[in-house]
Amino acid sequence: MTKVKICGLMTPADVAAVNTTAADFAGFVFAPGRHQLSASTAQALRRLLDPRIQSVGVFVHETVAEILAIYRTGAISIAQLHGPADAATIQTLQAAGLQVIQVFINQPLDPASPADYVMIDSGQGSGQTLTWTALPATAQPTILAGGLQPTNVAAAIALTHPDIVDVSTGVETNGHKDGQKIQAFVHTAKGVR
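Residues numbered from 1 in each chain as written. Predicted model: local features only at pLDDT ≥ 70, side-chain atom pairs only at ≥ 80, totals over all residues. Heavy atoms only, no water.

As a further point, take the pairing of strand 4 (residues 78-82). By the criterion of burial, strand 4 is predominantly enclosed, with five of the five residues buried. Neither face of strand 4 is left uncovered, since the one carrying I78, Q80 and H82 and the one carrying A79 and L81 both have all their residues buried. Relative to strand 4, strand 3 (residues 54-60) runs parallel, the two being bridged by five bridges. Counted as the bridge partner of V58 is Q80 from strand 4. Since strand 3 and strand 4 lie parallel, the crossover through helix 3 (residues 64-71) that links them has a hand, and here it is right-handed. The pairing of strand 4 with strand 5 (residues 99-105) spans four bridges and is parallel. Opposite I78, over in strand 5, you have Q99 as the bridge partner. (Buried < 20%, exposed > 50% of the residue type's maximum accessible area, 1.4 Å probe, protein only. Helix = DSSP H or I, 4+ residues; strand = E, 2+ residues; numbered from the N terminus. Pairing = 2+ DSSP bridges. Right-handed = clockwise from strand over helix to strand, strands pointing away.)

The following block contains the structure:
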């Protein structure tokens, strides 16, 4: 069964909507942009999040020290790294106890990546749909992101066979998380065989 990550949570209402689903991961964005959170806000939201749902911090060019400072608050257990991430950086984060998602934007996955997960995306939260093709075999679970929404996630899974699908703006209405869309996305994604 494909797992689901709902990204870009910003409010207690967003967390409540995700808690009512069978989502596996919830993303808190620390990179600049509309979904950006402070460490203290993410920590407060993590306390509201169902403990069975893993929390992911989304980072773009933050330093190892900045990422570890947020990890030590208890807000996240996984770091999602956009932008260049060398093996030494990944391994330093892992040695501190974090799991790591390495993101590849419109490029082939690196089978030599030491990351715990690898993600292929069409852009940094751009909402643009990726051209779907079968994902290459990797040692780690693969995550598909980029333009997914309740109406296309089944087709994306059928074509690419990811381990995990990731959505943010695809489950929003007027710039806010939509509980019905989150439910529909999770239900559809987990129903694909």
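Next comes the rest of the description.
Turning our eyes to something else, we now look at the packing of aromatic side chains. Taken as a whole and judged by the stated rule, the model has two aromatic pairs. Measuring from centroid to centroid gives 5.9 Å for F25 and Y117, while their planes differ by 85 degrees, and the two rings are edge-to-face. Of this pair, F25 sits in strand 2 (residues 25-29) while Y117 sits in strand 6 (residues 117-121), and the two are 92 residues apart along the sequence. Overall, the relative accessible area of 4% leaves F25 in the buried class. With a centroid separation of 5.2 Å and an interplanar angle of 10 degrees, the aromatic rings of F30 and F59 are classed as stacked. One end of the pair, F30, is in the loop between strand 2 and helix 2 (39-48); the other, F59, is in strand 3, with 29 residues separating them in the sequence. (Phe/Tyr/Trp six-rings, centres within 6.5 Å; stacked < 30°, edge-to-face > 60°.)

Position of H82 relative to the elements: it lies in strand 4. A polar contact of 2.9 Å, which involves the side chain of H82, links it to the side chain of Q80. (Polar contact = N/O pair within 3.5 Å; in protein donor to acceptor, adjacent residues only side chain to side chain.)

To continue, consider the packing of helix 3 against helix 4 (residues 87-95). For the pair helix 3 and helix 4, the least separation of the axes is 11 Å and the interaxial angle reads 25 degrees. One way to sum up the angle between helix 3 and helix 4 is to call them roughly parallel. Crossing handedness for the pair helix 3 and helix 4: right-handed. In this structure, helix 3 uses V64, I67 and L68 to contact helix 4, whose residues at the interface are T89, T92 and L93. Grouping the constituent residues of the contact of helix 3 with helix 4 by class yields four nonpolar, two polar and no charged. (Axes fitted to C-alpha atoms, helices over the stretch in contact; angles between N-to-C directions. Parallel < 35°, antiparallel > 145°, perpendicular 65-115°, else oblique. Left-handed = near helix turned anticlockwise from the far one by under 90°. Contact = heavy atoms within 4.5 Å. Nonpolar A, V, L, I, M, F, W, Y, C, P; charged D, E, K, R; others polar.)

The next subject is helix 5 (residues 153-160). Three or more residues of helix 5 are buried, namely V153, A156, I157 and T160. Each buried residue of helix 5 sits inside an arc of 95 degrees when the element is viewed along its axis, so together they form one side. The elements touched by buried residues of helix 5 are strand 7 (142-144), strand 8 (164-167) and helix 6 (179-191). Downstream of helix 5 by one or two residues, H161 has phi in the positive range, about 55 degrees. (Arc of directions from axis to C-beta.)

Within the secondary structure layout, S55 lies in strand 3. Taking the C-alpha atoms as reference points, S55 and D24, 31 residues apart in sequence, are found 8.9 Å from one another. Every residue in contact with S55, bar those within four places of it in the chain, is listed here: A26, F28, R46, L49, A75, I76, S77 and I78. Within polar-contact distance, the side chain of S55 engages the side chain of R46 at 3.3 Å.

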